[in-house]
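Examining the three-dimensional arrangement
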Amino acid sequence: MSSIKSFKPQAAEHTAGRQADQARWPLGLAGLSLGGAGLSGYLWQAKVGERELTCGPWGDCLTVNASVYSEVMGIPVALLGMLMYLTLAVVGTLLYWRPSMLLANAGFAVALAGALFSLYLTGLEAFVIGAFCIWCLTSWVLITYIAWRWGRALRRQAA
Amino acid sequence: MAKKATKKSRSGASSMWVTVGAAVVLALALIIAQNWWNDRQAAQSIRAASYWAQFPTEGTRIGPADAVVHVEEYFDFQCPHCQTASDLVVKRLLDEYVAEGKVAFTYRFYPILGPESVLAAQAAYCAMEMGAFWPYQDLLFAKKGMGNRGTFSRNNLISYARQIGLDGDAFAQCLDSTRAAQYVQRQYDQAVRLGLLGVPTFFVNGRQVNLMTWEDLFRVIDQELQAAGR
């Protein structure tokens with residue numbers, strides 16, 4: 001009997017904890033998005049010549065950041081990436097304070113579009129440009145995680 | 001209650017699919033816009049190729065070999081003034097003087113601004129070997145690369161060659177060859193022997209011209225033409 005008595009409060013605590021975790025996801029993703037904005041901002045600054053681009057021992061980010069695929073209609077991809085991450089950071093913060101299905105869907109659409117475009121750019125690095133950029137790959141992993149986590153949270157809310 | 005929950009679940013799932021669809025459309029729009037823009041840029045350089053075809057060329061020289069006035073420019077692809085000269089001087093020179101057969105113009109490599117300047121010069125040599133120096137140099141100048149930031153990295157130079165219709169593999173082989181490096185080194189050594197302090201430096205009929213304005217160059221050319229009775 002004593003085990004049954006102690007089980008109930010533990011289960012309730014566990015569920016409450018899980019709900020709190022679920023409620024905090026937009027804030028976590030907003031934080032990650034700010035990190036992504038910093039990364040993209042660095043690549044953008046390097047693209048326009050305001051900063052020196054450090055590539056590290058692996059890959060050739062100079063080639064990638066200066067290739068014909070580093071712009072969309074004259075706008076640096078890194079700038080688009082920074083704007084996307086900042087949008088996601090703002091949407092994530094708003095969602096935390098005032099949950100809204102419409103806003104959550106809009107944020108997921110932006111994150112997924114970013115992840116798909118980033119996947120395409122990574123394919124170009126591998127098969128067309130012939131060089132890899134460690135910062136671009138980091139951003140690809142980051143936005144893919146954000147999109148996946150955002151989509152999972154949405155699916156749970158919808159269920 | 002169960003019906004209500006099922007209805008909520010269905011509407012949630014359908015809105016999720018709408019969101020996924022919107023994301024796919026957005027990503028596709030970006031990909032299409034990027035490819036359209038790149039194709040448009042490439043088409044412009046193809047038009048440039050037909051423009052260059054109207055002139056007689058020999059290596060980095062454009063214009064007739066027996067022209068009464070010969071203008072030479074020692075240059076570096078990463079030098080901002082050389083990029084300006086390409087837009088303001090060389091194009092005018094070609095349209096107003098070379099097209100009439102009175103003047104010939106030659107580019108001489110003097111890569112002094114770092115490793116990408118050297119690579120760009122070697123790549124331009126390879127384009128010359130493949131009979132496409134003029135459209136290729138036009139494309140390189142249009143990139144306005146500066147500060148060794150990757151615009152003229154090996155892979156990008158090969159990609160630009162492909163953009164103007166050259167065989168990328170043959171171009172890459174040439175770029176890695178010693179003959180490209182030796183050709184550029186010889187021109188560099190020649191510029192050093194002449195005591196050139198910077199780029200761009202212009203010569204008209206073998207005499208160095210000190211420019212205060214771009215107009216000074218055309219004044220000297222006109223004087224040379226007058227002296228030759230043209």
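You'll find the structure just up there.
Before going into details, it helps to say that this report is about the structure given with it. (Residues numbered from 1 in each chain as written. Chains lettered and ligands numbered in written order. Predicted model: local features only at pLDDT ≥ 70, side-chain atom pairs only at ≥ 80, totals over all residues.)

Let us look at the overall build of chain A. Each helix and strand counted, chain A has five helices and two strands in total. Helices (α) and strands (β) of chain A occur, in sequence order from the N terminus, as α-α-β-β-α-α-α. Among the 159 residues that make up chain A, the fraction classed as buried is 38%. The contacts of chain A with a sequence gap of at least 6 include a subset with a gap of at least 24, amounting to 71%. (Helix = DSSP H or I, 4+ residues; strand = E, 2+ residues; numbered from the N terminus. Buried ≥ 20, exposed ≤ 12 C-beta atoms within 10 Å, placed from the backbone. Contact = placed C-beta atoms within 7 Å.)

Attention now goes to the interface of chain B and chain A. At the interface, 27 residues of chain B touch 28 residues of chain A. The set of elements that each furnish at least two residues to the side of chain B that touches chain A consists of α1 (2-52) and α5 (154-163) of chain B. With 18 residues, α1(B) is the single largest residue contributor to the side of chain B that touches chain A. Per-class residue counts for the side of chain B that touches chain A are 13 nonpolar, 13 polar and one charged. (Nonpolar A, V, L, I, M, F, W, Y, C, P; charged D, E, K, R; others polar.)

Here we come to the nonpolar core. One finds Val103(B), Ala120(B), Ala124(B) and Ala127(B) to be the most contacted residues of the largest nonpolar core, which totals 53 residues. With ten residues, helix α3 (residues 115-129) of chain B is the single largest residue contributor to this core. Not counting residues within four places of it along the chain, the set of residues in contact with Ala127(B) comprises Ala132(B), Phe133(B), Tyr136(B), Ala161(B) and Leu166(B). With 46 residues, the next largest nonpolar core counts Ala30(A), Ala109(A), Ala115(A) and Leu30(B) among its residues. (Core = buried A, V, L, I, M, F, W, Y, C linked by C-beta atoms within 7 Å.)

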